[in-house]
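Letter by letter, the chains look like this.
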Amino acid sequence: MIDPAIKELNFSEYLERVAAFTGEVLIPGEAEMVRTGAVPERIVEDMKSLGLFGISIPRELGGLAWSMEEQVKLTLEFTRASAVYRSRFSTVIGLCSQGLNEFGTQEQREKWLPAMAGGDTVTAFGLTEPEAGSDAKALGTHARKTADGWVLNGGKRYITNAAWADQLFIFANTDEAEDPSCFIVDRLSEGVTTRAADMMNGHETGPVAEIELNEVAVPVGALVGDAEGTGMKMALRGINHARMHVAATAVAQATRMLEEAVAHVSQRAQFGAPLADLGVVQNTLGECFAQLEAGRALTLESARTFDEGIIARHRISAAKLYCTEMASRVADECVQLLGGEGIVGPHPVPRMWRDVRGLRIYEGSSPIHRRNLGRAMIKQMAKDETLPDSYRVK
């Protein structure tokens, strides 16, 4: 539940509160999280109280309703800490809540969004399958209509929060619609099985999970929007929102790693002087900073366009692509600057190096974004000899 006092803060005050929480709780808590293999429950409860589960949800439905630019600024603060913290509420604030808010019935919105905003109902976004990743329309999961509702069969893979979510947003094909539909499924329903991954390359303390659905019966009201075939529209609404947060996460992770690297080279001496005095080190840091600031500017500009009412899908795609690739480049340079500490021991940079690698895969892998952006440019240029401003923001 969100602390009522939080709802009285203006954005500047709230941003300051989140920045302090990151520095005083999240970053110091990383060592305990790594040691125990999970985000400590006391920190999860603190995140709920602070309102991090509700930053994107309307105020009239229990959330804080910050604009996209404000959400990006918040993400730039709280993801200076481990990206695993964000993953605990990422599916709530983006993928699930945004699609539900836009496409759900009023009854569904009133039932689920307040509980999601307070962190009392954690949701998972069940779209990806073993044979349906980037090609989301190739879903094998099927929903069969019955007199009492629906029966779901199928499986999902690589689903964030699925092992501990309260509700699963399951995308499935039906017999009456060409496009998939979305169903809200209680994780504890008979026939639902979830299994967290045994091994992870990054995000080890917040593993993704598989979902199996075997003759899972859900009521009529479980169909989001009470309409078949709206699942892809709902998914894309959530995905575009989530991509903005992923881009901001990449920028913040790169910021933290660069700060850690600067601290290391300032303290470690070689050849009778700090590493920071070496021209080659300064050159590396300068190049990383320039790339970081370019990503920050692109992400904030995409967020401002979003707030103007334009879902600038190509700019959002470009931001997600550039920032996640940039974060991996910066991570690699920071590991190199750390030398042995970048490979051996508990330093946070190598852990974050592994974490940011995953950002280039989910919410659309980098090759898919490159292909889609290239296709869009070719299509637009075939229609018009010049690239108009309208293209650049859509």
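For the structure given in this document, a descriptive report is provided here. This is a predicted model, so every value here is computed, not measured. (Residues numbered from 1 in each chain as written. Predicted model: local features only at pLDDT ≥ 70, side-chain atom pairs only at ≥ 80, totals over all residues. Heavy atoms only, no water.)

1. Focus: the overall build of the chain
Inference 1: Within the chain, the secondary structure is distributed over twelve helices and nine strands.
Inference 2: Taken over C-alpha atoms, the radius of gyration comes to 21 Å for the chain, in line with the 21 Å a tight globule of 394 residues would show.
Inference 3: If one aligns the C-alpha atoms of the chain with their principal axes, the spans along those axes are about 80 × 60 × 40 Å.
Inference 4: Looking at the 394 residues of the chain, the share that counts as buried comes to 53%.
Inference 5: Long-range pairs, those at least 24 residues apart, make up 73% of the contacts in the chain with a sequence separation of at least 6.
Inference 6: Only carbon and sulfur atoms are counted for the fraction: they give 51% of the accessible area of the chain, which is about 17500 Å².
Inference 7: Of the charged side chains in the chain, 41 are positive and 53 negative; the average position of the first set lies 4 Å away from that of the second. (Helix = DSSP H or I, 4+ residues; strand = E, 2+ residues; numbered from the N terminus. Rg over C-alpha atoms; globule rule 2.2 N^0.38 Å. Buried < 20%, exposed > 50% of the residue type's maximum accessible area, 1.4 Å probe, protein only. Contact = heavy atoms within 4.5 Å. Areas by Shrake-Rupley, 256 points an atom, 1.4 Å probe, with all protein chains shown as cover. Lys, Arg positive; Asp, Glu negative; His and termini not counted. Charge placed at Lys NZ, Arg CZ, Asp CG, Glu CD.)

2. Quick notes on unusual backbone geometry
In terms of backbone geometry, most residues other than glycine have negative phi values and most peptide bonds are trans.
Inference 1: Positive phi outside glycine occurs at Tyr158, with the angle close to 60 degrees.
Inference 2: In this structure, Tyr158 sits in strand E3 (residues 149-159).
Inference 3: Of note in this structure, Glu215 is not a glycine but carries a positive phi near 55 degrees.
Inference 4: As for its placement among the helices and strands, Glu215 is situated in strand E7 (residues 209-219).

3. Re the sheet that holds strand E1 (residues 123-126)
Inference 1: Within the open sheet, the three strands sit side by side as E1-E4-E5. Their pairing is mixed. If you trace the sheet from one side to the other, it starts and ends with E1 and strand E5 (181-186), each paired once. Going from strand to strand, the sheet's axes swing by 20 degrees on average, the running direction of each strand aside.
Inference 2: The sheet strands contacting helix H5 (residues 83-103) are E1, strand E4 (167-172) and E5, and the helix crosses E1 at an angle near 70 degrees. (Pairing = 2+ DSSP bridges. Axes fitted to C-alpha atoms, helices over the stretch in contact; angles between N-to-C directions.)

4. Section: the environment of Phe53
Inference 1: Of note, Phe53 is situated in the loop between helix H3 (41-50) and helix H4 (68-78).
Inference 2: For the pair Phe53 and Leu64, spaced eleven residues apart in sequence, the C-alpha separation works out to 9.2 Å.
Inference 3: Setting aside residues no more than four positions away along its own chain, Phe53 makes contact with Val44, Met47, Lys48, Arg88, Phe89, Val92, Ile93, Met116, Ala117, Gly119 and Val122.

5. Considering the sheet that holds strand E6 (residues 192-196)
Inference 1: An order of E2-E3-E7-E6 is seen for the four strands of this open sheet, with the pairing classed as antiparallel. Of all the strands in the sheet, just strand E2 (142-145) and E6 have a single pairing partner and so form its edges. When the angles between neighbouring strand axes are averaged without regard to direction, this sheet yields 10 degrees.
Inference 2: Across eight bridges, the pairing between E3 and E7 is antiparallel. Of the residues in E7, the one forming a bridge with Leu152 is Val216.

6. Comments concerning helix H8 (residues 279-307)
Inference 1: Taking 1.5 Å per residue as the helical rise, H8 with its 29 residues ought to reach 42 Å, and the 42 Å between its terminal C-alpha atoms agrees with that figure.
Inference 2: With its phi angle positive at about 100 degrees, Gly309 sits one or two positions after the end of H8. (Expected span 1.5 Å × (residues − 1).)

7. Some remarks on the pairing of E7
Inference 1: By the bridge criterion, five bridges tie E6 to E7 in an arrangement that is antiparallel. Bridged to Val192 within E7 is Leu213.

8. Focus on the packing of helix H9 (residues 313-338) against helix H11 (residues 366-383)
Inference 1: Across the interface, H9 lies against H11 with an axial gap of 10 Å and an inter-helix angle of 140 degrees. For the element pair H9 and H11, the recorded crossing hand is left-handed. Only Ser366, His369, Arg370, Leu373 and Ala376 of H11 make contact with H9, whose side of the interface consists of His314, Ser317, Ala318, Lys320, Leu321, Thr324 and Glu325.
Inference 2: Considered class by class, the residues forming the contact of H9 with H11 number four nonpolar, five polar and three charged. (Left-handed = near helix turned anticlockwise from the far one by under 90°. Nonpolar A, V, L, I, M, F, W, Y, C, P; charged D, E, K, R; others polar.)

9. A look at the nonpolar core
A general feature of soluble globular proteins is that nonpolar side chains tend to end up buried together.
Inference 1: Formed by 70 residues in total, the largest nonpolar core has its most connected members in Tyr14, Met47, Leu52, Leu152, Phe183 and Val185.
Inference 2: In this structure Tyr14 touches Ile6, Leu9, Leu50, Gly51, Leu52, Ile55, Leu64, Trp66 and Leu74, once residues within four positions along its chain are discounted.
Inference 3: Counting residues in hydrophobic clusters, the runner-up holds 38 residues, among them Ala261, Cys288, Phe306 and Val349. (Core = buried A, V, L, I, M, F, W, Y, C linked by side-chain atoms within 4.5 Å.)

10. Section: the pattern of salt bridges
Inference 1: According to the stated counting rule, one finds 19 salt bridges in the structure shown.
Inference 2: Between Arg42 and Glu32 there is a salt bridge whose closest N-O contact spans 2.3 Å. Taken together, the positions of Arg42 in helix H3 and Glu32 in helix H2 (residues 30-36) put the pair ten residues apart, joining distant regions of the chain.
Inference 3: Accessibility expressed as a relative area gives 23% for Glu32, which makes it partly exposed.
Inference 4: Of the charged contacts in the structure, one is a salt bridge between Arg354 and Glu204, with a shortest N-O distance of 3.1 Å. You can see Arg354 sitting in helix H10 (residues 348-357) and its partner Glu204 sitting in the loop between E6 and E7, a full 150 residues away along the chain. (Salt bridge = Lys/Arg side-chain N within 4 Å of Asp/Glu carboxyl O.)

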